[in-house]
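One letter stands for each residue in the lines below.
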Amino acid sequence: MRILVVEDERRLAAALKRGLEANAFTVDVVHNGPDAVWMAEQRPYSAIVLDIMLPGMNGYRVCAELRRSGVTTPILMLTAKDGEYDEAEGLDTGADDYLTKPFSYVVLIARIRALLRRGHAAPAKLCVDDLVVDPGSGTVRRGGREISLTAREFAILECLARRPNLVLSKDEILQHVWDEHYEGDVNVVEVHVSALRRKIDQPFGLHSIETVRGMGYRLVGRVD
């Protein structure tokens, strides 16, 4: 799932990005209001973490503009302000939740997952044969047995499970799992896919992640 972080304090923005990526989210970051509006209107996001004090256009205006333009992505407002009127204004402009700085990353992740479980934003479990990928809880099960994955492994598996039986190239996986500025070796995908196979296939005597030579990878199986 892809998250848009809108935060002008660059050290905090970088920390948010690291924290969210450690929990299997793909993260884009912008540092001002106009860029936030443009990004949110151009790309589908699972959620937006939106600071209020932003250059160019504050978070209230960003939120109101996105709602006016029909963007329904869940918005979590993040701010140093803690007055009840500030919270009310954020919610009145269309935000879904509100978190005051300083905050706990455990609480932040829990709030985001709660947003994703609500209404239209609730992510459905992805089932391919007896493999169950649950984006809402960040868990994976096969045959009723829970499998522990790293954040990257989970994100790659989710990407494959959202398009079962279809081939995804390494570049497509990089685009969805790493951020758009990644300039490293595309073979990093192969390393993570190999690790995935050792966890979700080999212990069960299965070969559900196939390599299509010269094209990429696909997760094969019956879709419920």
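Above this note sits the structure.
Cut-offs and rules
Residues numbered from 1 in each chain as written. Predicted model: local features only at pLDDT ≥ 70, side-chain atom pairs only at ≥ 80, totals over all residues. Heavy atoms only, no water. Helix = DSSP H or I, 4+ residues; strand = E, 2+ residues; numbered from the N terminus. Buried < 20%, exposed > 50% of the residue type's maximum accessible area, 1.4 Å probe, protein only. Axes fitted to C-alpha atoms, helices over the stretch in contact; angles between N-to-C directions. Parallel < 35°, antiparallel > 145°, perpendicular 65-115°, else oblique. Left-handed = near helix turned anticlockwise from the far one by under 90°. Contact = heavy atoms within 4.5 Å. Nonpolar A, V, L, I, M, F, W, Y, C, P; charged D, E, K, R; others polar. Pairing = 2+ DSSP bridges. Salt bridge = Lys/Arg side-chain N within 4 Å of Asp/Glu carboxyl O.

**Things to note about the overall build of the chain**
Next up, step 1: When you go through the chain residue by residue, the secondary structure sums to 8 helices and 11 strands.
Next up, step 2: When each of the 224 residues of the chain is scored for burial, the buried share is 49%.

**A look at the packing of helix α1 (residues 10–21) against helix α5 (residues 105–117)**
Next up, step 1: At a minimum axis separation of 11 Å, α1 and α5 run at an interaxial angle of 65 degrees. On the basis of the axis angle, α1 is roughly perpendicular to α5. Every pair of crossing elements has a handedness; the one defined by α1 and α5 is right-handed. Residues L12, A15, L16, G19 and L20 of α1 touch α5, and the partners they reach there are Y105, L108, I109 and I112.
Next up, step 2: Residues belonging to the contact of α1 with α5 are distributed by class as follows: 8 nonpolar, 1 polar and no charged.

**A look at the pairing of strand β7 (residues 131–134)**
Next up, step 1: Pairing analysis gives 3 bridges linking strand β6 (residues 126–128) to β7, with the strands arranged antiparallel. Across the sheet, the residue bridging to L126 is V133, located in β7.
Next up, step 2: Taking the residues that link successive antiparallel strands as the turn, the β6-β7 hairpin has 2 residues, and the phi of D129 there is positive, at about 55 degrees.
Next up, step 3: For β7 and strand β8 (residues 139–142), the ladder comprises 4 bridges, and the chain directions are antiparallel. Bridge pairing in β8 links V133 to V140.

**Digging into the pattern of salt bridges**
Next up, step 1: One pass over the full model with this rule turns up 17 salt bridges.
Next up, step 2: For the salt bridge of D96 with R67, the shortest nitrogen-to-oxygen distance reads 2.9 Å. Of this pair, D96 sits in the loop between α4 (84–92) and β5 (97–100) while R67 sits in helix α3 (residues 59–68), and the two are 29 residues apart along the sequence.
Next up, step 3: Because the salt bridges share partners, they merge into one network encompassing R2, D28 and R43.

**Regarding the sheet that holds strand β3 (residues 47–51)**
Next up, step 1: The parallel open sheet is built from 5 strands, whose spatial order is β2-β1-β3-β4-β5. The strands lining the two open edges of the sheet, one partner per strand, are β2 (26–30) and β5. Between one strand and the next, the sheet's axes are offset by a mean angle of 20 degrees, whatever the strand orientation.
Next up, step 2: Strand contacts of α1: β1 (2–6), β2 and β4 (75–79), with the helix running at about 170 degrees to β2, the strand carrying the most contacts.

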